Amino acid sequence: MAQGDGRLQIERLSKNYGGVQVLDAVELTVDDGEFLTILGPSGSGKTTILRLIGGFTEPSGGRITFGGSDVTHMPIYRRPFNTVFQDYALFPHMTVAQNVAYGLVVRGVPKAEITPRVGEALAVVSLEGFMDRYPTQLSGGQRQRVALARALICQPRLILLDEPLAALDAELRRQMRAFLKSLQRQLRITFVFVTHDQEEAISMSDRICVINQGKIEQIGAPKEIYYRPATPFVATFFGDNNLLPGHLHHDRRDTANVDTPFGKIVVRDPRVVDLPANAAITIAVRPEALHIVAASGDAATHDNRFAGQVLSVEFVGATSQIRVAAPAAPDHPLLLKVPSLAGESAVRPGDQVTVAWRAQDCAVLPATLV
Amino acid sequence: MAALSTTGRPGHPDRRRGWLHLFWLATVYGIPAILIVLPLLTFLMFGFWSVEEGRILRDFSFDNYFAFAGNESYTRVFTGTLFLALRVMIINVLLGFAVAYFLSRLEGRLKYALVLGLIVPLLMSYIIKIYAIRGILGTSGLLNKLLIFLGILSQPSDLFLFNLTAVLITLSLALLPFTILPIFIALEKIPANYLEASADLGATPWQTFRRVTLPMALPGTVVGGMFCFVLAVGDFLAPELVGGTRGFTYGRLVFSQFGMAFNWPFGAALSVILLIVSLGVIVAAGRLGSPKWLRQ
């Protein structure tokens, strides 16, 4: 294995199962020491990417290289990667210590060396006292940590994690998230993490790769993906978004006017520069970026505003979700999320309100709604 | 209603449930008691009696057991049969594991079609199966014809019929499905995940087989071997039909006591010895077949 450069490179990777295209020419680069999350709905092909990297499945086309050398057809047991499986796949006939030692035992590491290393690996996941237990005697969270220790002991350059938190309860999942992130920083191991949970992806990753129907929709830092989604799919899969169809009118460099059913909307997005004039686009606006303002309010702080009627108000705890429809576009009610503060004068269905937002809160998607 | 019944007063419905409960208890314990335990006890009792001039003497004694232990021709048949059953078991465990492993690696319809093919002989009459095998083993049988065709033999051999080898081959063939099926089920139950995890941790296919597949299939393999041994050690039909005079086994010895020799007490004592051996094997298999990790 090449030292230093532990970059994983995936080139035009494809996979079909019996004529069904599961992955379509996927291009992806994971840097050494990066925490990359592959995020997508079930059936999107995210687990297939992981299985192809791990060597559990043969690709139908394309190439995978690691540190410059081709690993596309390398047998699983020779790859310098280790996997944490979704259901942990701990060997039921082995104790915790035997499970963790497995990777060293099969490589012929001397016994005298194995025992201290098993202790160290279990210390990392705080399970020192559990050596002689069998997997069935552990809780879900403990099994998860054993699976992690078992992968770490092999000192891999890259760890593949297949929805490792899916089977844990909410509180444990939050704890494990922080633990995994700090572990990854500490050990500087590349993590390729597969999940369908966008909150998990945002809170842990250096970069996120959003995948849908076997194709990569967008790769970028969590904030980039959140604020500047590239496609309508990313915009709606990643939290809530209001999508407005429109036509672009170039104005200044990164600021433009867009004709929409709501009238002219001012948008500010660097990506506008690359788009042709009069291009059909979609504007994405986050519900929390929309505000209800006084009808005679200060126009300077809000570039866009429209008058509409409140359709519904839903109290969901920290926020209230309000739907407002403009008379000009009754088919496109906008969703607002406003903080639920006690004593605040409540908006009621049927009220006439003015909704306003800033130009920089509009993301311009160079694509139309399908 | 619910609040009343929780006080536990023996009301009318409770009493009816009581009778029903008794009926079930009687069925569950009574039928095995009458059909299994009672005959066994009868046998045990017979074993302590003796026969004189064609009449059964009901005097308690261990004479039958001493007679068995003191007669070398009996003990030789006994140990010979134990070794025969052991050999059948070893052959079938090795062969059965290979077949079961091969089957478990197949995919789709072919796999289950072949498994069904294994089950079909189990539904056939045992005697018919043995006669079929006897036809194959005889001097003009399929086996001899094949060996001559392949040039291994120049003329038909009578090595395959009416001796212990014939009994060995017949029992192995007839009992093979009993060995394959538990091993196959054990192999099928191993999730693919474990094999993938093993390879992922750096184990070669052989290491994965030895460290994951084999130990996880061990309980099923022990059960398969046990079936095979217990069925082989007590069998008298196969030796009777293909064993000839040289293929004498313990099962035939027992059988002859109830037939020609007309010594039911001695036959019963021999059966009790066989029963103890079989029970011992079953207990040992139970121990071996449930390792610590399965009992957790």
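Residues numbered from 1 in each chain as written. Chains lettered and ligands numbered in written order. Predicted model: local features only at pLDDT ≥ 70, side-chain atom pairs only at ≥ 80, totals over all residues. Heavy atoms only, no water.

Colleague: Mind showing me how you'd approach the overall build of chain A here?
Modeller: Of regular secondary structure, chain A possesses eight helices and 20 strands. Once the C-alpha set of chain A is aligned to its principal axes, its extents read approximately 80 × 50 × 40 Å. The proportion of buried residues among the 370 residues of chain A is 50%. Counting only contacts in chain A whose residues sit at least 6 apart along the sequence, the fraction spanning at least 24 positions is 65%. About 16,500 Å² of surface is accessible on chain A, with carbon and sulfur atoms providing 50% of the total. Side-chain charges of chain A comprise 37 positive and 38 negative groups, with the mean position of each set lying 4 Å from the other. (Helix = DSSP H or I, 4+ residues; strand = E, 2+ residues; numbered from the N terminus. Buried < 20%, exposed > 50% of the residue type's maximum accessible area, 1.4 Å probe, protein only. Contact = heavy atoms within 4.5 Å. Areas by Shrake-Rupley, 256 points an atom, 1.4 Å probe, with all protein chains shown as cover. Lys, Arg positive; Asp, Glu negative; His and termini not counted. Charge placed at Lys NZ, Arg CZ, Asp CG, Glu CD.)

Colleague: I tried to follow the confidence of the model for chain B on my own but got confused; where do I start?
Modeller: Low pLDDT marks regions whose predicted coordinates should not be analysed in detail. Residues and elements named next belong to chain B. Across chain B, pLDDT averages 90, with 94% of residues at or above 70. Taken element by element, chain B is modelled with least confidence in helix H1 (residues 2-5), mean pLDDT 43, and with most confidence in helix H4 (residues 72-105), mean pLDDT 96. Note on residues 1-8: pLDDT under 50 across the span, and one contact to partners over four residues away in sequence or across chains. With a pTM of 0.83, the predicted complex shows an ipTM of 0.85. (pLDDT = per-residue confidence, 0-100.)

Colleague: Would you take a moment to explain the layout of surface pockets for this structure?
Modeller: One simple way to see leftover space: roll a probe sized like a water molecule over the atoms. All names here are of chain B. Of the volumes computed, that of the largest pocket is approximately 660 Å³. Along the wall of the largest pocket there are 23 residues; nearest its centre are Tyr101, Arg105, Ala192, Leu195 and Glu196. Those elements that place two or more of their residues in the lining of the largest pocket are H4, helix H8 (164-188), helix H9 (192-200) and helix H10 (205-234). In terms of residue class, the lining of the largest pocket is built from 13 nonpolar, five polar and five charged. (1 Å grid on protein atoms, 1.4 Å probe; cavity = no way out; pocket = protein on both sides within 12 Å on 5 of 7 lines; lining within 4 Å. Points joined across faces, edges and corners; volume = space filled by probe spheres on them. Nonpolar A, V, L, I, M, F, W, Y, C, P; charged D, E, K, R; others polar.)

Colleague: Mind showing me how you'd approach the interface of chain A and chain B here?
Modeller: Interface size is commonly expressed as the accessible surface area that is lost when the partners come together. Contacts between chain A and chain B engage 25 residues on the former and 21 residues on the latter. With both sides pooled, the region where chain A packs onto chain B buries about 2,100 Å², and carbon together with sulfur makes up 62% of that total. Ranking the residues of chain A by area buried against chain B places Tyr77(A), His93(A) and Tyr102(A) at the top, with a combined share of 28%. Where chain A touches chain B, the interface holds one salt bridge. Two residues, Glu196(B) and Arg51(A), come together in a salt bridge whose shortest N-O distance is 2.6 Å. (Buried area = accessible area lost by both parts, 1.4 Å probe. Salt bridge = Lys/Arg side-chain N within 4 Å of Asp/Glu carboxyl O.)

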